[in-house]
Amino acid sequence: MLEPFVLRALAAAIGLAIVAAPLGALVVWQRMAYFGETMAQASLLGVALSLATQQSLTLSVLVVAVLAALLILLLSEQRLLPLDSVLGLLHHGSLAAGVIATAALAGPSVDLLGYLFGDIFAVTETDLLWIYGGGAVVLGVVAIVWQPLLRLAVHRELAIAEGVPGRAVKAVFMLLLAMTIAIAIKILGILLVIAFLIVPASAARPFARTPERMVALAAVVAVIGVLIGLEISSRSDAPGGPAIVLVLALIALLSLTIASVRRGG
């Protein structure tokens, strides 16, 4: 019989795996990994906000992640610096500011590793409500904007010429990413949350002939990674989040190796 904290960890990780699958596929297709990583790093400022206001960690991170998404969208319109340079500036600057602010508010004993790598076994029933309630909202909105997002991913200029509102759809997608990052922070931590989005989708891509199949395969890969990762963690006392991401990375490497061998053959 599994302990209640293990069941909560399992439920949380599987719920996140399902929510992350379509977003991860879109991130991979649109080459937006650096966007997502910058938003995740900025979320450490949300941790500082939570400490300063004594409010919910998830809610505070959500507020900061949404603001970071809006700032990235605004700066992506300028032409003075390449976008990757702007993202690099925000990426490292927000992480440094978050570390300083968190340490200043919580004192020298602050557990930064807990925020950076998460603690999946500390998931509460309230966290599960955030994951499944927020996840239902995310999946519902994804279903509504799925076709416009696909058209933009395949051929942005053609999609915009045909009437797809590119900026609005991109803004919605970034806000969905922000919400997913916020609800996943406590489970995987700031440094691993984007890996949970990208790695299953990367593993699924070589074997998916359609976008919908890629999403389904990414969800299956993520759930398998969760099950194996939590089993490894429970047997070896390894941290749950990193164990899951490591298993997912190995699955992705195996997937890419098999695909390469098949093409070579």
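What counts, and at which threshold
Residues numbered from 1 in each chain as written. Predicted model: local features only at pLDDT ≥ 70, side-chain atom pairs only at ≥ 80, totals over all residues. Heavy atoms only, no water. Helix = DSSP H or I, 4+ residues; strand = E, 2+ residues; numbered from the N terminus. Buried < 20%, exposed > 50% of the residue type's maximum accessible area, 1.4 Å probe, protein only. Polar contact = N/O pair within 3.5 Å; in protein donor to acceptor, adjacent residues only side chain to side chain. Contact = heavy atoms within 4.5 Å. Patch = residues over 30% accessible without salt bridge, like charges linked within 9 Å, V, L, I, M, F, W, Y side chains within 5 Å. Areas by Shrake-Rupley, 256 points an atom, 1.4 Å probe, with all protein chains shown as cover. Salt bridge = Lys/Arg side-chain N within 4 Å of Asp/Glu carboxyl O. pLDDT = per-residue confidence, 0-100. Axes fitted to C-alpha atoms, helices over the stretch in contact; angles between N-to-C directions. Left-handed = near helix turned anticlockwise from the far one by under 90°. Nonpolar A, V, L, I, M, F, W, Y, C, P; charged D, E, K, R; others polar.

Colleague: Before we go on, may I ask you to explain the environment of Gln-78 in this structure?
Modeller: Topologically, Gln-78 is positioned in the loop between helix 4 (57-75) and helix 5 (83-106). The partly exposed category is assigned to Gln-78, whose relative accessible area is 23%. Distance in space between the C-alpha atoms of Gln-78 and Val-66 is 20 Å, their sequence separation being 12 residues.

Colleague: Teacher, can you tell me more about helix 3 (residues 44-53) here?
Modeller: At 3.6 residues per turn, the α-helix brings residues three or four places apart onto the same side. Listed as buried for helix 3 are Leu-44, Gly-46, Val-47, Ala-48 and Ser-50. Looking one or two residues past helix 3, Gln-54 carries a phi angle of roughly 60°, positive in sign.

Colleague: For this particular structure, what's the right way to read the side chain of Thr-180?
Modeller: Of note, Thr-180 is situated in helix 9 (residues 166-188). For Thr-180, the side chain forms a polar contact with the main-chain oxygen of Leu-176, separated by 2.9 Å. Residues within four places of Thr-180 in sequence aside, it is in contact with Leu-16, Val-19, Leu-23, Val-138 and Leu-197.

Colleague: How should the side chain of Thr-38 be read in this particular structure?
Modeller: Looking at where Thr-38 falls in the secondary structure, it is placed in helix 2 (residues 33-42). In contact with Thr-38, not counting residues within four places along its chain, are Ile-72, Leu-87, Leu-90, His-91 and Ser-94.

Colleague: What exactly am I supposed to notice about a nonpolar patch on the surface here?
Modeller: Together, Leu-49, Leu-59, Val-63, Leu-67, Leu-70 and Leu-175 line one region of the surface with nonpolar side chains, adding up to about 470 Å² of accessible area. If you tally residues by element for the nonpolar patch, the top one is helix 4, at 4 residues. Inspection of the secondary structure assignment puts Leu-175 in helix 9.

Colleague: Sorry if this is basic, but what is going on with the confidence of the model for the chain here?
Modeller: On average, residues of the chain score 85 in pLDDT, and 96% of them reach the 70 mark or higher. Here helix 6 (residues 112-117) is the element of the chain with the lowest mean pLDDT, 74, and helix 11 (residues 211-236) is the one with the highest, 91.

Colleague: Explain the packing of helix 1 (residues 4-29) against helix 11 to me, please; I cannot follow it from the model alone.
Modeller: Describing two packed helices takes the angle between their axes plus the distance from one axis to the other. For the pair helix 1 and helix 11, the least separation of the axes is 8 Å and the interaxial angle reads 145°. In this structure, helix 1 crosses over helix 11, and the sense of that crossing is right-handed. Of the residues in helix 11, those touching helix 1 at Ala-9, Leu-10, Ala-13, Ile-14, Ala-17, Ala-21, Pro-22, Ala-25, Val-28 and Trp-29 are Pro-211, Met-214, Val-215, Ala-218, Ala-219, Ala-222, Val-223, Val-226, Leu-227 and Leu-230. Residue composition of the contact of helix 1 with helix 11, by class: 20 nonpolar, no polar and no charged.

Colleague: Which parts of the structure should I look at to understand the pattern of salt bridges?
Modeller: Oppositely charged side chains may form a pair once their charged atoms are brought near each other. Inspection of the entire model under this criterion finds 2 salt bridges. Residue Glu-162 pairs with Arg-151 through a salt bridge whose shortest N-O separation is 2.6 Å. Highlighted residues: Glu-162 in the loop between helix 8 (156-161) and helix 9 and Arg-151 in helix 7 (residues 125-154), separated in sequence by 11 residues. Given the relative accessible area of 35%, Arg-151 is considered partly exposed. Between Arg-235 and Glu-231 there is a salt bridge, and its shortest N-O distance comes to 2.2 Å. One end of the pair is Arg-235 and the other is Glu-231, both in helix 11 and 4 residues apart, which spans about a single turn. Owing to a relative accessible area of 69%, Arg-235 belongs among the exposed residues under this scheme.

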